[in-house]
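Letter by letter, the chains look like this.
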Amino acid sequence: MLTKEWLGALSVIIVVLATVPYVRQMLAGTIKPHLFTWIIWTLTTCIAAAARSSEQAGPGAWGQWAGGISCLIVALLAWRLGEKQITRSDQIAFAIALLAIPVWQLTENALAAVVIVTGIDLIGYYPTFRKSWLRPHEEAIFNYLAANVIHVLSLLATERYALVNVLFQVAVFTANSLLIFMVLWRRAQLAKAV
């Protein structure tokens, strides 16, 4: 029987196993993650992990902490190797996400913090959705599939089930699934056009 600790540890292992090929693809130049998205995801994932930890998520937060570190690694590499076309709408999404952070800091309520960072995180998807719509082959869907497995494991490893400990995972799982579907659909659509 898998304990919550084993599930939490497994989620950390999957983060590492998903990050390594993603970084390799970045270094090879086959994918180009959007810098703004990954900066936002670094901040929101770490904030949500801290909120979950403070609300006794236990091992359910381990994968999220590892995910935050993974996002930071990708963001740092994206600074040099990522998407270079930054649009006005990307800048607006980034500014809105950054402006919401002081609002989070003013609240001392973990649920309010998770609601705010979940909203910020979802805004962070915009630049990646826009880029992936135009160039779907520049995004590695394996990473998002792995992230969905991590979110499921994180939910199963959670010590105390409450909205504060599940909202972020469910929202990101849904957004990842939509991104995966859109990338696969666009790839098929572009292949038919050739």
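Going by the structure above, here's the rest.
About the cut-offs
- Residue positions are given per chain, counting from 1 as you read along its sequence in written order.
- Residue-level local features of this predicted model are given only where pLDDT is at least 70; pairs of side-chain atoms are given and counted only at 80 or more, and the full residue set underlies all totals for whole chains, interfaces and linings.
- In computing side-chain properties, one takes all heavy atoms of the structure into account and sets aside hydrogens as well as water.
- For every element, the axis is a line fit to its C-alpha atoms; helices are fit only across the contacting stretch, and the angle between N-to-C directions ranges from 0 to 180 degrees.
- Per the convention used, a helix needs a DSSP run of H or I reaching at least four residues, while a strand needs a run of E reaching at least two, with both numbered from the N terminus.
- Orientation categories follow fixed angle ranges, with anything under 35 degrees roughly parallel, anything over 145 roughly antiparallel, 65 to 115 roughly perpendicular, and all other angles oblique.
- Handedness of a helix crossing follows the sense of rotation of the near helix relative to the far helix, less than a right angle counterclockwise being left-handed and clockwise being right-handed.
- Should any heavy atoms of two residues lie within 4.5 Å, those residues are considered in contact.
- The classification used treats Ala, Val, Leu, Ile, Met, Phe, Trp, Tyr, Cys and Pro as nonpolar, Asp, Glu, Lys and Arg as charged, and all other residues, Gly among them, as polar.
- Any pair of N or O atoms that falls within 3.5 Å is considered a polar contact. Within protein, one atom must be able to donate a hydrogen and the other to accept it, and sequence-neighbouring residues count only if both atoms are side-chain atoms.

Participant: How would you summarise the packing of helix α2 (residues 35–54) against helix α5 (residues 110–134) if you had to cite specific residues and measurements?
Facilitator: Two quantities define a packed helix pair, namely the angle between the helix axes and the distance between the axes. Their axes nearest at 9 Å, the elements α2 and α5 cross at an angle of 160°. Relative to α5, the element α2 lies roughly antiparallel. For α2 against α5, the interelement crossing comes out left-handed. The residues of α5 that touch α2, namely those facing F36, T37, I40, W41, T44, T45, I47, A48, A51 and S54, are A110, V114, V117, I120, D121, G124, Y125, P127 and T128. Classifying every residue of the contact of α2 with α5 gives 12 nonpolar, six polar and one charged.

Participant: With reference to specific residues and values, describe the side chain of R186.
Facilitator: One can find R186 in helix α7 (residues 163–193). Looking at R186, its side chain comes within polar contact range of the side chain of Q189, at 2.5 Å. Among all residues touching R186, those that are not within four sequence positions of it are W133 and P136.

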